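A closer look at the structure
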Amino acid sequence: MATTLFFLLFFTPFLYSAAAPNHNAPQDLVRSSCINASYPSLCLRTLSSYSGPTGTPRDLAQAAVKVGLARARKASTYLKTSVTGKSERERAALSDCVEQMAESVDELSKTLSELKHLRGETFEFQMSNARTWVSAALTYEDTCVDGFEGVDRKVKGDVKKKITNVAMVTSNALYMIRRLDESGGLNR
Ligand SMILES: *[C@@H]1O[C@H](CO)[C@@H](O)[C@H](O)[C@H]1NC(C)=O
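This text gives an overview of the structure that appears in the document. This one's a predicted model, so the numbers in the text were calculated from it and none came from an experiment.

This next bit is on the site of the ligand. Taken together, the residues surrounding the ligand are Ser32, Asn36 and Arg179. The contact in question runs from an oxygen atom of the ligand to an N or O atom on the side chain of Arg179, over 3.1 Å. When the ligand is considered free in solution it has 360 Å² of accessible area, and contact with the protein chains removes 31% of it.

Set out below in structure tokens:
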């Protein structure tokens with residue numbers, strides 16, 4: 001009895017992992033791709049729960065940009081609705097940030113569209129565009145956070161938390177684009 005229990009406890013996990021590699025293939029790619037991302041656990045959380053395809057480096061780059069876009073849009077809505085009842089200084093920072101997030105959304109949309117239309121003969125050029133635009137999106141997000149220096153701590157804290165999260169997923173998206181570039185292009 002004790003021996004059986006020992007067997008089950010210690011060997012069942014190995015049996016499972018040996019028996020089911022194929023079912024987990026996309027998740028394995030998510031895992032191995034997130035390992036060296038800027039924010040690995042956030043990468044894992046956002047991409048392993050992603051509802052679309054994640055089976056190739058190209059899927060992952062698109063998925064990561066889509067996650068960034070969704071969060072940037074959501075943060076933008078939050079900024080717009082949090083203007084009421086704020087001081088002039090706070091409203092100014094919020095309104096600047098709304099503009100910067102709109103630019104960021106713009107850059108990420110362009111990137112997503114580029115990733116959806118990758119072609120073999122222009123791959124390197126397109127990947128270079130994607131890197132440039134995601135970097136620009138990241139800069140807009142950082143600028144937004146910086147604009148809250150000297151603003152009421154509560155307001156700043158709320159905004160900072162939201163936008164920093166957007167910047168972290170954006171940074172992970174940039175990493176996935178680099179990985180796609182290094183993976184050798186469209187055939188992977
Ligand atoms: C992660 O980084 C380490 C150290 O640079 C490297 O040895 C490893 O191959 C990388 N793994 C992946 C999956 O990129």
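Next, the rest of the story.
Right, let's talk about helix 7 (residues 153–182) for a bit. Each α-helix winds once per 3.6 residues, and so residues spaced three or four apart point in a common direction. Along its 30 residues, helix 7 runs 42 Å from first to last C-alpha, staying within 8% of the 44 Å computed at 1.5 Å per residue. Directly after helix 7, the chain includes Gly184, whose backbone phi takes a positive value near 95°.

Next up on the list: empty space enclosed by the protein. All told, the structure shown has 1 cavity of 30 Å³ or more when counted by the stated rule. Empty space within the largest cavity amounts to approximately 40 Å³. Considering the residues around the largest cavity, the lining is formed by Cys43, Thr46, Leu47, Ala64, Val67, Val169 and Asn172. Of all the elements in the fold, those that place two or more residues in the lining of the largest cavity are helix 3 (40–48), helix 4 (57–81) and helix 7. In terms of residue count, the dominant contributor to the lining of the largest cavity is helix 3 (3 residues). Grouping the constituent residues of the lining of the largest cavity by class yields 5 nonpolar, 2 polar and no charged.

Looking now at the state of the cysteines. Enumeration according to the criterion identifies 2 disulfides in this entry. Within the protein chain, bonded cysteines paired by disulfides and numbered along the sequence follow the pattern 1-2, 3-4.

For the rest of this paragraph, the subject is the packing of aromatic side chains. Counted under the stated rule, the structure contains 0 aromatic pairs. The lysine or arginine in question, Lys162, covers the ring of Tyr78, its NZ or CZ lying 4.1 Å from the ring centre.

We now examine the nonpolar core. Of all hydrophobic cores here, the largest spans 47 residues; its most connected members are Leu47, Leu115, Phe148 and Ile163. At the level of elements, helix 2 (25–34), helix 3, helix 4, helix 5 (88–116), helix 6 (123–146) and helix 7 are the ones that each hand at least two residues to this core. No other element matches the 11 residues that helix 7 contributes to this core. Other than its neighbours up to four places away in sequence, Leu47 contacts Val30, Cys34, Thr54, Leu60, Ala63, Ala64, Val67 and Met176.

The rules behind these values
Residues numbered from 1 in each chain as written. Predicted model: local features only at pLDDT ≥ 70, side-chain atom pairs only at ≥ 80, totals over all residues. Heavy atoms only, no water. Near = heavy atom within 4 Å. Polar contact = N/O pair within 3.5 Å; in protein donor to acceptor, adjacent residues only side chain to side chain. Areas by Shrake-Rupley, 256 points an atom, 1.4 Å probe, with all protein chains shown as cover. Helix = DSSP H or I, 4+ residues; strand = E, 2+ residues; numbered from the N terminus. Expected span 1.5 Å × (residues − 1). 1 Å grid on protein atoms, 1.4 Å probe; cavity = no way out; pocket = protein on both sides within 12 Å on 5 of 7 lines; lining within 4 Å. Points joined across faces, edges and corners; volume = space filled by probe spheres on them. Nonpolar A, V, L, I, M, F, W, Y, C, P; charged D, E, K, R; others polar. Disulfide = S-S within 2.5 Å. Phe/Tyr/Trp six-rings, centres within 6.5 Å; stacked < 30°, edge-to-face > 60°. Lys NZ or Arg CZ within 6 Å of the ring centre and 35° of its normal. Core = buried A, V, L, I, M, F, W, Y, C linked by side-chain atoms within 4.5 Å. Buried < 20%, exposed > 50% of the residue type's maximum accessible area, 1.4 Å probe, protein only. Contact = heavy atoms within 4.5 Å.

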